[in-house]
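A closer look at the structure
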Amino acid sequence: MTKPTIILATSNGVGMGHLVRATAIAIELKKVANPIIVSMAGGIAEIPDYLGIRVEYIPGRDRGWMPREKWDDYLRDRLMALVDETGATVMSFDGVVPYPGVIAAKFSHPKLALVWVRRGLWQKKPQRFVLGMQSKMMDHIVEPGDMARAYDFGPTAQRNDATLTSPVSLFRESEALSREEARKALGLDLDRPAVLVQLGTGDSDVNEKLTAALSGLIGWKDLQVILTKQPFDKDGKSLAPEGLDIRVVRHFPLARVLHAFDAGVSATGYNGFHENLPASLPTVFISNIRGTDDQEARAQWGNDFGYAIRGNQADLHDITAAVKKLQDPEVRAKLAAKCKELPATTGGAEIAKILYDLATREEPKRPSWLTYNRLRLQDHVNRGKRHLVYMALRRLALVYRLIHPHLVVNVVKQDPPVWGAQTTAKELHPLIKSETRFEHIIEGASDAYIARRKEIAETAYGHRTEVINTKKSQS
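Criteria and cut-off values
Residues numbered from 1 in each chain as written. Predicted model: local features only at pLDDT ≥ 70, side-chain atom pairs only at ≥ 80, totals over all residues. Heavy atoms only, no water. Pairing = 2+ DSSP bridges. Helix = DSSP H or I, 4+ residues; strand = E, 2+ residues; numbered from the N terminus. Axes fitted to C-alpha atoms, helices over the stretch in contact; angles between N-to-C directions. Polar contact = N/O pair within 3.5 Å; in protein donor to acceptor, adjacent residues only side chain to side chain. Contact = heavy atoms within 4.5 Å. Parallel < 35°, antiparallel > 145°, perpendicular 65-115°, else oblique. Left-handed = near helix turned anticlockwise from the far one by under 90°. Nonpolar A, V, L, I, M, F, W, Y, C, P; charged D, E, K, R; others polar. Buried < 20%, exposed > 50% of the residue type's maximum accessible area, 1.4 Å probe, protein only.

All right, on to the sheet that holds strand S8 (residues 194-198) then. Reading across the sheet, the six strands line up as S10-S9-S8-S11-S12-S13 and stay open at both edges, with parallel pairing between neighbours. With one partner strand each, in any of the chains shown, strand S10 (245-248) and strand S13 (309-311) form the two edges of the open sheet. Between one strand axis and the next, the sheet turns by 20° as a mean value, whatever way the strands run. As defined by bridge partners, S8 adjoins strand S11 (residues 263-266) across four bridges and the pair is classed as parallel. Note that in S11 the partner of Val195 across the bridge is Ala263.

Let us now look at the side chain of Glu143. With respect to the helices, strands and loops of the structure, Glu143 is situated in strand S6 (residues 140-145). A polar atom in the side chain of Glu143 sits 3.2 Å from the side chain of Arg149. Setting aside its immediate chain neighbours within four residues, Glu143 contacts Arg118, Gly120, Arg149, Asp152, Ala162, Thr163, Leu164 and Thr165.

This brings us to the packing of helix H1 (residues 17-29) against helix H12 (residues 347-360). H12 packs onto H1 with a crossing angle of 65° between their chain directions and a minimal axis gap of 8 Å. Classified by the angle between their axes, H1 and H12 sit roughly perpendicular to one another. Handedness of the H1/H12 crossing: right-handed. Residues Ala24, Ile25, Glu28 and Leu29 of H1 form the contact with H12, whose participating residues are Gly348, Ala349, Ile351, Ala352 and Leu355. Its residues assigned to classes, the contact of H1 with H12 comprises seven nonpolar, one polar and one charged.

With that settled, the discussion passes to the side chain of Thr345. Structurally, Thr345 is set in the loop between helix H11 (329-339) and H12. With relative accessibility at 16%, the residue Thr345 sits in the buried group. Every residue in contact with Thr345, bar those within four places of it in the chain, is listed here: Met147, Pro167, Ser169, Phe171 and Pro278.

As a further point, take helix H9 (residues 295-304). By the burial criterion, the buried members of H9 are Gln295, Ala297, Arg298, Ala299, Trp301 and Gly302. Downstream of H9 by a residue or two, Gly306 has a phi angle that is positive, lying close to 80°.

Bringing the sheet that holds strand S7 (residues 163-167) into the picture now. One open sheet accounts for seven strands, arranged S3-S2-S1-S4-S5-S6-S7; its pairing is parallel. Two strands bound the open sheet, and with one partner strand each, they are strand S3 (54-57) and S7. The mean angle between the axes of side-by-side strands here comes to 20°, regardless of whether they run parallel or antiparallel. One ladder, built from five bridges, connects strand S4 (residues 90-94) with strand S5 (residues 113-117); its direction is parallel. Its bridge partner being in S5, Asp94 is matched across the sheet by Val117.

Turning our eyes to something else, we now look at the packing of helix H3 (residues 68-86) against helix H16 (residues 447-461). Close contact between H3 and H16 brings their axes to 10 Å; oriented N to C, the two are set at 175°. Between H3 and H16, the crossing angle belongs to the class labelled roughly antiparallel. In this structure, H3 contributes Lys70, Tyr74, Asp77, Arg78, Ala81, Leu82 and Glu85 to the contact, and H16 contributes Tyr449, Arg452, Arg453, Ile456, Thr459, Ala460 and Tyr461. Classifying every residue of the contact of H3 with H16 gives seven nonpolar, one polar and six charged.

This is the structure:
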């Protein structure tokens, strides 16, 4: 029997949670199907080296590489073209909001089953108002389990439209490197203590949290502090206090090397929470309150039941004091022992089975055009009144300019996109991070697919573009 092709699509969230869940599911799917990951997250660059599966990067609408009103159609056309190219029968989407472009892809592929991988623990944000409509567009909804689900009082908690699974994690004890192996892989001193710090940088309050957390590590003798990104603000100023031995490492997935560390300091996203705790890594969790994820609920649950320590994200002194507790070996030993009681995180395999069963047995439903267009309208409403006013004024301006065109038209030159089918993190990272438009093509693409992608790009960017070097990149 030919293996079915299943597309795992993800949005670009605040952290890596969406992409990591898709990766965990893809690992299980590889045994019985041909998984393909498409994502708006820059971390997708790591996947081909790690998994050896095909991927495509799709620029999110926040990149500003095309007019925003064209992006949903661009996403729809990209996904439709990929389904045609690969013969996929199932597409899952892991993200808070199933974009209209995702849902619209079903209208041209009525036999394509659409699955929403919808994380729980939502904050009460405007996105909750369209949950019902979004759910009706799906063939299946899956909720990846959350260890802190008992503290979920958000808008998804009382819904009965999803299949609940165990938590999803990339950490597997059987595949994790030993302490010595992990330290050698990361280039760490084998005998000195080490702490993994996974906190973001950006806005001033986020930067202050990082500085407060690092301050709690001062005084830990011979400590190696390992960060996943440089501790600098947007102006290049260091956020790290004096007196710490700080190193920045890149390793994917971190789940394999967590035994290298004596403790961790992390944001309370789904990914970090469901890797650090199963790895029995004593951790202080400091929540990021942006986005829809209720990280505070997750941190509070971990603290209340003794699996972790919560640093109050609203109190910098509390953050420093909470992190300082990790210097006590008895505290670390107690946290690690408690984490051993947690159940296995087998959600990746459970979701993979759901997707495989859909690909081989079930007939998907055709979504309603009426519901789809209501979702598009609600998408505009969610952006706020200012956006609605701007959209109306813009259309009035376009009508006026049609009646009274400019006598002299100044053409603003726009650089064409860079095209490629790169398959390594070393090649992909610079292209994805660049401000230059980048059109990524799946490895081994047909000539027909490349031609279709050229048409899609020309429509989105508003000018002709040439596809070059894609065949060379595949070799």
